[in-house]
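Read off the chains here:
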Amino acid sequence: MQKLVRFVIVGATGFAVDAAVLWLLLRFTSVGPLPARIAAIALAMTTTWMLNRSFTFGASKRSVVVEGFRYGAVGLTTAVVNYAIYAALLLSMPQLNPMAALVFASGSAMAFSFFGYSRFVFRR
């Protein structure tokens, strides 16, 4: 249970990074909401890897390269699910605020990512 609580804290931090980068890119650049989200997800994923590695699960017994590859594989799959939901919401409801779509898409991908990270990346 403690790992799940830590995972939620790390996820909230990743969400804050994701939302902040998305907001900054939408506010201060001409980048649209779909490409901006790709950059935001990449920075959030890097942040959560470092935090999950040190705070939630601890480093795996694998090399950092292998661990990073596995984390990236799960993260990329989760990001595709997250992005697909985000894009589908924005494309099907153009009046929807991108930040609302971000909240819904991120929440939808959380259970998948916990299972993937805890079983495939950091399992000892």
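What comes next is a walk through the structure. Treat the numbers as computed from the prediction; the structure is a model and nothing was measured. Along every chain, residues carry numbers that run from 1 in the direction the sequence is written. Residue-level local features of this predicted model are given only where pLDDT is at least 70; pairs of side-chain atoms are given and counted only at 80 or more, and the full residue set underlies all totals for whole chains, interfaces and linings. With hydrogens and water stripped out, all remaining heavy atoms of the structure feed into the side-chain values.

### Here's the deal with the overall build of the protein
And then number 1: Helix and strand assignments follow DSSP, with helices taken as H or I runs no shorter than four residues and strands as E runs no shorter than two, numbered in order from the N terminus. Across its full length, the protein holds four helices and zero strands.
And then number 2: In the protein, the order of α-helices and β-strands from amino to carboxyl end is α-α-α-α.
And then number 3: Projecting the C-alpha coordinates of the protein onto the three principal axes gives extents of approximately 45 × 25 × 20 Å.
And then number 4: By definition, residues are in contact when any of their heavy atoms lie within 4.5 Å. Considering only intrachain contacts with a sequence separation of at least 6, the fraction spanning at least 24 residues in the protein is 69%.
And then number 5: Note on areas: Shrake-Rupley, 1.4 Å probe, and residue coverage restricted to the protein chains presented here. When the accessible surface of the protein is totalled, it reaches about 7000 Å², and 73% of it is carbon and sulfur.

### A word on the packing of aromatic side chains
And then number 1: When the centres of two rings from Phe, Tyr and Trp lie within 6.5 Å, Trp using its six-membered ring, the rings pair. Their planes under 30 degrees apart give stacked, over 60 give edge-to-face, and anything left gives tilted. Counting across every chain of the model gives ten aromatic pairs.
And then number 2: Grouped by ring-pair contacts, the aromatic residues F7, W49, F57, Y71, F114, Y117 and F122 constitute a single cluster.
And then number 3: Directly above the ring of F55 sits R6, whose terminal nitrogen or CZ lies 5.1 Å from the centroid.
And then number 4: For a lysine, the NZ atom is tested; for an arginine, the CZ atom; a charge sits over a ring if that atom is within 6 Å of the ring centre and within 35 degrees of the ring normal. The side chain of R70 reaches across the aromatic face of F120, ending 4.3 Å from its centre.

### Considerations on the packing of helix α2 (residues 33-56) against helix α3 (residues 64-92)
And then number 1: Running from amino to carboxyl end, α2 crosses α3 at an angle of 145°, the nearest separation of the two axes being 10 Å. In this structure, α2 crosses over α3, and the sense of that crossing is right-handed.
And then number 2: Along the lines of polarity and charge, the residues of the contact of α2 with α3 split into 15 nonpolar, six polar and three charged. Convention adopted: a line fitted to C-alpha atoms gives each axis, helices being fitted over their contacting stretch, and angles between N-to-C directions are expressed from 0 to 180 degrees. By definition, any crossing whose near helix is turned counterclockwise from its far helix by less than a right angle is left-handed, and any crossing with a clockwise turn is right-handed. Charged residues are taken to be Asp, Glu, Lys and Arg, nonpolar residues to be Ala, Val, Leu, Ile, Met, Phe, Trp, Tyr, Cys and Pro, and polar residues to be all remaining types, Gly included.

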